[in-house]
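Spelled out, the chains give:
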Amino acid sequence: MLWLIEELESIRRFLGMGGDVLMMLFVLTLLLWVLVIERYLYFFTEYPKLIKQTMADWDARTDKLSWNAKKIRLAMISEVSLSVNRGMPMIKTLIALCPLLGLLGTVVGMVSVFDVLAVTGTGSPRAMASGISKATIPTMAGMVAALSGLYFSALLEKRANRATHQVSDSLQH
């Protein structure tokens, strides 16, 4: 239990070094990962049920060759596609926002540095250190969050495309 308290304290210190922007970036990254994890849970729990139900609905049809049947098949494929891609635009948007928020942290940190320079002059590197950490840490954190999110987003997108093609191939004409 003590190790957990120490880890939480180190996270709090890290977030404090980056300022308010890093805290906003933390919340944004947390939301990103909640959505990514939700999509993975969907593929392991709900997706098999959806495929089973879609296949059962198609197999229950007697007419599979008419124009109406082809349109119903397309509608079923579209429903599966919508279901597997749900949340992906939000994930991509959050990934794009992470480095932008990191750059905002850079600007805020540099403003801090310039404020210190205006008050103390150029001879106090120790006074500028806080502003410099506020400038660099959010940028680094935004890039790390975006890169990790981009990797898992690409995996999810590949999985969604594969699932759509699999359903399309499974529903026989």
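Numbering of residues starts from 1 in each chain and follows the order in which that chain's sequence is written. Thresholds applied to this predicted model are a pLDDT of at least 70 for local features of residues and 80 or more for the giving and counting of side-chain atom pairs; totals over whole chains, interfaces and linings are not thresholded and use all residues. Working from all heavy atoms in the structure, the side-chain values ignore hydrogens and water.

Asker: Help me understand the overall build of the protein, please; the structure alone is not making it clear to me.
Answerer: Of the regular secondary structure elements, the protein holds four helices and zero strands. Every helix listed is a DSSP run of H or I at least four residues long, and every strand listed is a run of E at least two residues long, numbered separately from the N terminus. In sequence order, the protein lays out its α and β elements as α-α-α-α. We compute the radius of gyration from the C-alpha atoms alone; for a globule the expected value is 2.2 Å times N to the 0.38, where N is the number of residues. Here the C-alpha atoms of the protein give a radius of gyration of 24 Å, more than 25% beyond the 16 Å that 2.2 N^0.38 yields for 173 residues. Along the first, second and third principal axes, the C-alpha set of the protein runs to 85 × 40 × 15 Å. Think of it in three bands: with a 1.4 Å probe and only protein chains considered, a residue is buried below 20% of the maximum accessible area for its type, exposed above 50%, and partly exposed in between. Counting over 173 residues, the protein shows a buried share of 30%. With an accessible surface of roughly 11,000 Å², the protein has 70% of that area assigned to carbon and sulfur atoms. Each accessible area value is a Shrake-Rupley result obtained with a 1.4 Å probe; residue values ignore everything except the protein chains displayed when judging cover.

Asker: Honestly, the pattern of salt bridges in this entry has me stumped. Any pointers?
Answerer: Pairing is possible between side chains that carry opposite charge, provided their charged atoms lie close to one another. When a carboxyl oxygen of Asp or Glu lies within 4 Å of a side-chain nitrogen of Lys or Arg, that pair is called a salt bridge. Overall, the coordinates contain four salt bridges when judged by the stated rule. Salt-bridge contacts for Lys 64 lead to Asp 59; the nearest nitrogen and oxygen are separated by 3.9 Å. Judged by its relative accessible area of 24%, Lys 64 is partly exposed. Put simply, Glu 157 and Lys 92 hold a salt bridge, and the shortest N to O gap is 3.0 Å. With a gap of 65 residues between them, Glu 157 in helix α4 (residues 125-170) and Lys 92 in helix α3 (residues 88-120) connect regions that are remote in the sequence. Here Glu 157 falls in the partly exposed class, since its relative accessible area comes to 30%. Since its relative accessible area comes to 39%, Lys 92 is described here as partly exposed.

Asker: Before we go on, may I ask you to explain helix α2 (residues 67-85) in this structure?
Answerer: Three or four residues apart is the spacing at which side chains of an α-helix point the same way, because the helix has 3.6 residues per turn. By this rule, a helix spans an expected 1.5 Å times one less than how many residues it contains. Helix length check: α2, at 19 residues, gives a terminal C-alpha distance of 27 Å against a target of 27 Å (1.5 Å per residue), a fit within 8%. Taken together, the buried positions of α2 are occupied by Ala 69, Arg 73, Met 76, Ile 77, Val 80, Ser 83 and Val 84. With its buried residues spanning 125° around the axis, α2 presents them on a single face. Set apart from the buried face of α2 by more than 90 degrees, the exposed residues are Trp 67, Glu 79 and Leu 82. Positive backbone phi, at 90°, marks Gly 87, one or two positions downstream of α2. This arc corresponds to the set of directions leading from the helix axis out to the C-beta atoms.

Asker: What should I look at first to understand the nonpolar core in this one?
Answerer: One broad trend across soluble globular proteins is that nonpolar side chains are buried collectively. We call a set of buried Ala, Val, Leu, Ile, Met, Phe, Trp, Tyr and Cys residues a nonpolar core when their side-chain atoms join them within 4.5 Å. Residues Leu 25, Phe 43, Tyr 47, Val 84, Ile 91 and Leu 156 are the most contacted members of the largest nonpolar core, which totals 31 residues. Contributing elements (two or more residues each) for this core: α1 (2-60), α2, α3 and α4. It is α1 that contributes the most residues to this core, 11 residues altogether. Only heavy atoms enter the contact rule, under which two residues are in contact if any of them lie within 4.5 Å. Those residues in contact with Phe 43 that sit more than four places away from it in its chain are Pro 48, Val 84, Leu 156, Arg 159, Ala 160 and Ala 163.

Asker: Honestly, the side chain of Ser 83 in this entry has me stumped. Any pointers?
Answerer: Its place among the elements puts Ser 83 in helix α2. In this structure the side chain of Ser 83 is engaged in a polar contact, spanning 2.5 Å, whose partner is the side chain of Tyr 42. Those residues within four positions of Ser 83 in sequence are excluded, and the remaining contacts are Arg 39, Tyr 42 and Leu 50. Any N or O atom pair separated by 3.5 Å or less is treated as a polar contact, with the protein-specific requirement of one donor-capable and one acceptor-capable atom, and with residues adjacent in sequence counted only for side-chain atom pairs.

Everything listed here is a matter of geometry and, on its own, says nothing about what the molecule does.
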